[in-house]
Structures are given as structure tokens and as C-alpha cells.
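Next come the chains, spelled out residue by residue.
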Amino acid sequence: MTLAPDRTATTDAPILDVLAERFSTRVFDASATIDESALASALEAARLAPSANNTQPWRFIVTRRGTDEFATIYASLRDFNKSWAGDASVLVVAAATTTTEDGSPMHFAQYDTGQAVAHFTVQAAAEGLSTHQMGGFDRAAVKSAFSLPENVAPLTVIAVGPQGSLDDVSDEVRARESVPRTRLPIAESVLVNA
Ligand SMILES: Cc1cc2nc3c(=O)[nH]c(=O)nc-3n(C[C@H](O)[C@H](O)[C@H](O)COP(=O)(O)O)c2cc1C
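Residues numbered from 1 in each chain as written. Predicted model: local features only at pLDDT ≥ 70, side-chain atom pairs only at ≥ 80, totals over all residues. Heavy atoms only, no water.

Caption draft 1: Structural view of helix α5 (residues 109-126). With 18 residues, α5 extends 26 Å between its outermost C-alpha atoms, agreeing within 8% with the 26 Å of an ideal straight helix rising 1.5 Å per residue. Within α5, burial applies to Ala109, Asp112, Thr113, Ala116, Val117, Phe120, Thr121 and Ala124. Lining the buried residues of α5 we find α2 (36-47), β1 (58-64), β2 (90-97), β3 (130-134) and β4 (152-161). (Helix = DSSP H or I, 4+ residues; strand = E, 2+ residues; numbered from the N terminus. Expected span 1.5 Å × (residues − 1). Buried < 20%, exposed > 50% of the residue type's maximum accessible area, 1.4 Å probe, protein only. Contact = heavy atoms within 4.5 Å.)

This is how it looks when you write it as C-alpha cells:
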């Protein structure tokens, strides 16, 4: 079994190992089943995320490989994502409740949901689970298949599971798995540092 090369980020300042080492793999172990306690911990970390006024607008659809629900989410993925994400043990839809019960907009719904997913991915990494978020899927198809209310908007699908072997994937996926993780210099994102 050939694992992906080490993709630990080179950082300009020290950060937690789990953050430096996390990366979005496209190589999952197609024979693995999910470690349920690790998945529960990742969902618990999401539950504890901060949110505007503690509104907790995130909603998750959690599906295990082999179920009809997993197949439904898999079918909604764009073609390139389909080429690798079906090997994940779990596909999770992250959705946001975008309005309150009286119909007022929840302006931080997407922001808060992204933060909950960040918690999820970091806890998952600490538990030995890889994750890969995807925006490339058919939101309308997911919304309809799971009869989501009008004010619940699917945002991403997250592939979750143990990493697999590079021997079992396409040349394109294998090549992408070795690309260094690059980021903008900090000076481009910190506009003022007085
Ligand atoms: C909102 C969002 C949507 C993404 N959509 C896709 C996608 O559809 N397909 C894909 O292969 N990767 C997708 N990615 C993964 C990013 O390309 C990846 O996180 C980024 O290149 C940084 O790589 P790293 O997570 O390994 O550090 C997405 C990531 C995020 C956060």
C-alpha cells in the first residue's frame, strides 16, 4: 500500500501539528468502514462551534457507504469528484438554515456553518480520519432528495474516511495528491497589522 507523500505544510510561524498535517486527500480506503466513535467526535466538535447569537444554523446529512442515502449524495457529485469520492467511508452534506422561523435572514448562517465544518475537519484529522470538502455537487438534487425545507441550503459535501493507497487511484488523482499545499503570503490576507 503506497500512502500519499507527506504534505505537512511549511509554516512561517508554529501552529498545531493537526492543522499543519491536515490536507484534503482524494485517496480514501474503499474497503474501510467508518470508526463510529471518531465520527461522533468530529460531529461533536462541529456542535461546539461558535455561532452568531449561538444560533447554530448548521445542519448535517451523514451517510455511510453502502446506504441508499450515500448513493444519492454520490450521484449528485460533479464528474471529477465522482471519480474519487465514492471510496470515502462517509459522505456528509453540510447545510445552513438561512432564515429564522419568522422568515428573517440569518446573515451569518454560511459563516457559522463553515466554522462548524472547520471544527469537524480538525477533530476528524486528530482522530485519524481524512476529509475533503466539495462544492462541486448538485444542490437542488440534494435538497429535493432529502426533502430539505426551503430555508435549508446545502453548501458542501464532505468526504470522510481513512486514507487509501495511491496504487488504487487514477493517474490524475495520484498526481494531484503529491502537489505541495501552497498559500498566499500572510501579508496578502492581513490588510492591517498595526
Ligand atoms: C468550500 C470548498 C469547496 C471545495 N470544492 C472542491 C471540489 O468540488 N472538488 C475538489 O476536488 N476539491 C474541493 N475543495 C478542496 C480545496 O480545493 C482544498 O481545500 C484546497 O485546495 C486546499 O487544499 P488542502 O485542504 O489540502 O490544504 C473545496 C474546498 C472547500 C473549502
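Caption draft 2: Here's a closer look at the packing of aromatic side chains. Here the structure, examined in full by the defined rule, presents two aromatic pairs. Between Phe28 and Trp84, the ring centres sit 6.4 Å apart and the planes meet at 15°, which makes this aromatic pair stacked. Here the residue Phe28 occupies a position in the loop between α1 (17-21) and α2, and Trp84 occupies one in helix α4 (residues 79-85), the gap between them amounting to 56 residues. An identical accessibility class is assigned to Phe28 and Trp84; each is buried. On the basis of an interplanar angle of 80° and a centroid distance of 6.3 Å, the ring pair of Phe108 and Tyr111 is categorised as edge-to-face. (Phe/Tyr/Trp six-rings, centres within 6.5 Å; stacked < 30°, edge-to-face > 60°.)

Caption draft 3: Geometry of the sheet that holds β2. If you trace the four strands from one edge of the open sheet to the other, you get β1-β2-β4-β3, paired in antiparallel fashion. Each edge of the sheet is formed by a strand with only one pairing partner; in this case those strands are β1 and β3. In this sheet, adjacent strand axes meet at a mean angle of 25° when their direction is disregarded. Bridging between β3 and β4 involves five bridges; their strand directions are antiparallel. Within β4, the residue paired with His132 across the bridge is Ala159. (Pairing = 2+ DSSP bridges. Axes fitted to C-alpha atoms, helices over the stretch in contact; angles between N-to-C directions.)

Caption draft 4: Highlighting the site of the ligand. The full set close to the ligand counts 14 residues, and Ser24, Asn81, His132, Gly135 and Arg183 are the nearest of them. Note that an oxygen atom of the ligand is positioned 2.9 Å from one of the side-chain N or O atoms of Arg26. Here an oxygen atom of the ligand sits 2.8 Å away from a polar atom, N or O, in the side chain of Arg183. For the ligand, the protein covers 61% of the area, taking 630 Å² as the surface of the free molecule. Elements with a minimum of two residues in the shell around the ligand: α4 and β3. Among the elements that line the shell around the ligand, the one with the most residues is β3, at three residues. (Near = heavy atom within 4 Å. Polar contact = N/O pair within 3.5 Å; in protein donor to acceptor, adjacent residues only side chain to side chain. Areas by Shrake-Rupley, 256 points an atom, 1.4 Å probe, with all protein chains shown as cover.)

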